[in-house]
Amino acid sequence: MAIKTAIDIRRVTQYFGEQKVLADITLSVEKGEIIGLLGPSGAGKTTLIKIMTGQLVPSAGSVMLDGHDMAEAKQEMYRNIGMMMDDLGFYERLSGYDNLKIFAGFYDVPEARVREVLEQVGLYRYRKSPVQKFSKGMKNRLALSRAVLHRPAFLFLDEPTAGLDPATTLQIHKMIGQMQKDGVTIFLTTHNMVEAEKLCKHVALLHDGSIVEYGEPQAINRKYNYRNRLKIHLYSGEDIELELQNAKEAAKTVFEYLQSGQIETIHSAEPDLESVFLELTGRSLQEGRQDAEEDWSFGKAD
Amino acid sequence: MKNTIIIYRKQLKDTGKNMALWIQFVMFPVMAAIMENSIRVEGMPEHFFVGMFTVMHVGMAPLTVSAAIISEEKEKNTLRMLRFANVKPLEYLCGTGGFVFTACMAGGVAFGFLGGYMGEKLLLFCLIMAAGILASMLFGAAIGVWSRTQIAATAVVTPMMMVFAFLPMLAMFNQTIEKIADIAYSQHIQLLLNSLNAGTPAEAKNVIVIAANVMIAAVLFGIAYRRRGLM
Ligand SMILES: Nc1ncnc2c1ncn2[C@@H]1O[C@H](COP(=O)(O)OP(=O)(O)OP(=O)(O)O)[C@@H](O)[C@H]1O
Ligand SMILES: [Mg+2]
C-alpha cells in the first residue's frame, strides 16, 4: 500500500514585523501518523499550527493538507479539521453539553454524538455544569471532545496536556491513541519529552523557528547516545557525573564513594530528547516555563 | 439559515445567564412601569416617564449589548471556533443582530402598552422604536468589531451611550444642547414620539436625521469590519 502524504509543509517562513519566527520549515506527515513538534516557549509552535490550519497565511511557502493549499481552499478543508488551540474558546457561561451541541448543529452531527464524545472524555456526568466552573483539565478534555465531534481526518493539538495532572494526561493520551487507530492524522505540539516519545511516530525539534532535528524518537536518542553517563547524588547535596566509556575509572570512583557511605542515589543518565535538545541548542525545552521541575505540570510562560 | 438560528438560540441562552446583559433589556421598561404608577406631579404631561425611558432604552440597550456580545466573542476566541465550524460572518451577524433587535423590541412593545398606545398608534410607536434600535445596534456592532477586548469596547460605548441616551432629555432644558442634539438619532426619536403623542404630523427632518445616523453607523461598521475583521 502506498503511503500517502497528509500534511505537506513546504519552505514555510513567517515574519512578524522584523522578527523571523519561522525560517524555511519543510516537513511532511504521513496519513494516520502522530507527529510531535517539540520546542521551548516562543519557538514558533503555535505559529506553525496557525499556518497549517489556515488562520495565518505564511510570509513565504505553503502548506498542503490532502493536496489542498490551505491558503486557498480553507473553507472546504475546515470540515476535515479538528483543532484545539492553547486558548480554548468556549462559551463559558453555557454548559459543556450546550457548547458541544452548538457545534454539533453547525456540523450536522446528530446530538447522540455529543453524548458519545462527552462519555469518551469522562465529562458526561458534568455535562450540565457551566464551563467556567470546569478545572483546566476538564476544559482541555472538553476541547478535545469538541475537536473530534465531527470525526475530522486531521487533528491539530496545541499543547493538549500542558498544565495537567498525570491522570488527566493519561486519559488524553488514551484518546489521542484511539483517534490514531481510527486513522486520524494528528499533529501535536508539546514540551513534554515523555509524551512525545510515547505517542509520536516522528518528532521534530523546533528551535528559534528552525527544525534542528527530525526523526523517530528512539532513532534520535540512539544517534546522540554515544556517551552514557552515571549520575551520583551525594548526601552532601553534590552531584557527580561519570562517563561510562572510562569503565575502570568510573568503577573506582563509585566504589570509593560507596565505601565512605556518601551516596544517596545513583541514576543512569541516558540521553533522551530533552538532553538531545539541550546538546543541539544549548537551551532547555523547559526554558521560559515557570514550574519546569515537575515533568507533568508545565506552567504557561505567556 | 440553520447556522443563523443556532447563533440566535445560543445568544438567547447565553444572555439569560449573563445578568449584566439582560438587565440592559429590562431595566428601562421596568423603571418606566414603576414610575408611571407611583409618581404623579401636577402639570406633568401624560406618560412622561414612558417617553423619557423609551429614548434611554433605545439609546443604551442595543448599543451596549451588541458591543458587549461581539467584543466578548473576539476576546474569548469563540469567533475563531465558529469560523472553523464554517459559520459565515453574515450568518453570525444576522443571528446576533436578530437577537439584539428582537430582545430590544420586546422592551419596546412593553413601552407601547405602558404608554397606552393602541392600534395604529401602537404600530407607529413600534416603527419609531425599530428605527432607533437599528441605529443604536449598528453603532454598537461597529464598536464591538473594532475592539479586541470587552474592556476596550466599554471604554468607547460608555460615553457614546451617555450622549445618545441623555442628550434628548437635557435638550429640553438648554438651547445650546438642543442644537447639538439635533444631529443625534435619539433626539429625533424623542421628537417623533412627541408628535405621535400630540397627534401632529412628523417632520421630514426627523426621518432624514435618523436615516443618516443609520447610514453613518453602517459605514463605521463597514470600516471596522474591513480593518479588524470579525474572526
Ligand atoms: N501575532 C503575532 N504578532 C507578533 N508576534 C507574534 C505573533 N504571534 C506570535 N508572535 C511571536 O512569535 C514567536 C513564536 O510564538 P509562538 O506562539 O508560535 O511560540 P510557541 O512555540 O507556541 O510558544 P509557547 O510554547 O509559549 O506556546 C514569539 O516570539 C511570539 O512573541
Ligand atoms: Mg504556543
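In the block above lies the structure referred to throughout.
Note that the coordinates shown come from a computational prediction; the quantities given were computed from them, not determined experimentally.

Trainee: What am I meant to see in the sheet that holds strand β4 (residues 60-65) of chain A here?
Mentor: In any sheet, the strands associate via hydrogen bonds between backbone groups, in a parallel or an antiparallel arrangement. All names here are of chain A. Read across the open sheet, the 4 strands follow the order β2-β1-β4-β5; overall the sheet is antiparallel. Each edge of the sheet is formed by a strand with only one pairing partner; in this case those strands are β2 (19-30) and β5 (68-69). Where strand β1 (residues 5-16) and β2 come together, 8 bridges link them in antiparallel fashion. By the bridge assignment for β2, Q14 is matched with L22.

Trainee: Explanation requested: helix α7 (residues 150-171) of chain B in the structure shown.
Mentor: Three- or four-residue spacings in an α-helix give side chains the same orientation, since the helix completes a turn every 3.6 residues. Residue and element names in this part refer to chain B. A rise of 1.5 Å per residue sets the reference length of α7, with its 22 residues, at 32 Å; its end C-alpha atoms lie 31 Å apart and thus fit the reference within 8%. A165 marks the point of greatest bend in α7, at about 35°, and the proline P168 comes within the next four residues. All of the buried residues in α7 are A153, V157, M161, F164, A165, L167, P168 and A171. Contacts made by the buried residues of α7 are with α3 (48-75), α6 (119-146), α8 (175-181), α9 (185-198) and α10 (204-228).

Trainee: Got a minute to help me understand empty space enclosed by the protein in this structure?
Mentor: Across all of its chains, the model carries 5 cavities of 30 Å³ or more by this definition. Roughly 120 Å³ of volume is contained in the largest cavity. Taken together, F90, Y91, E92 and R93 of chain A together with K10, Q11, D14, I69, E72, E73, K76 and T78 of chain B make up the lining of the largest cavity. Contributions of two or more residues to the lining of the largest cavity are made by α1 (2-16) and α3 of chain B. Of the residues belonging to the lining of the largest cavity, the class tally is 3 nonpolar, 2 polar and 7 charged. For the second largest cavity, the calculated volume is near 70 Å³. As for the second largest cavity, its lining consists of I81, G82, M83, F103, Y107, R146, A147 and H150 of chain A together with M81 and F84 of chain B. Examining the composition of the lining of the second largest cavity, we find that 3 residues originate from one element, strand β6 (residues 81-84) of chain A, more than from any other.

Conventions we followed
Residues numbered from 1 in each chain as written. Chains lettered and ligands numbered in written order. Predicted model: local features only at pLDDT ≥ 70, side-chain atom pairs only at ≥ 80, totals over all residues. Heavy atoms only, no water. Pairing = 2+ DSSP bridges. Helix = DSSP H or I, 4+ residues; strand = E, 2+ residues; numbered from the N terminus. Expected span 1.5 Å × (residues − 1). Bend = angle between axes of the 7 residues up to and from the residue. Buried < 20%, exposed > 50% of the residue type's maximum accessible area, 1.4 Å probe, protein only. Contact = heavy atoms within 4.5 Å. 1 Å grid on protein atoms, 1.4 Å probe; cavity = no way out; pocket = protein on both sides within 12 Å on 5 of 7 lines; lining within 4 Å. Points joined across faces, edges and corners; volume = space filled by probe spheres on them. Nonpolar A, V, L, I, M, F, W, Y, C, P; charged D, E, K, R; others polar.

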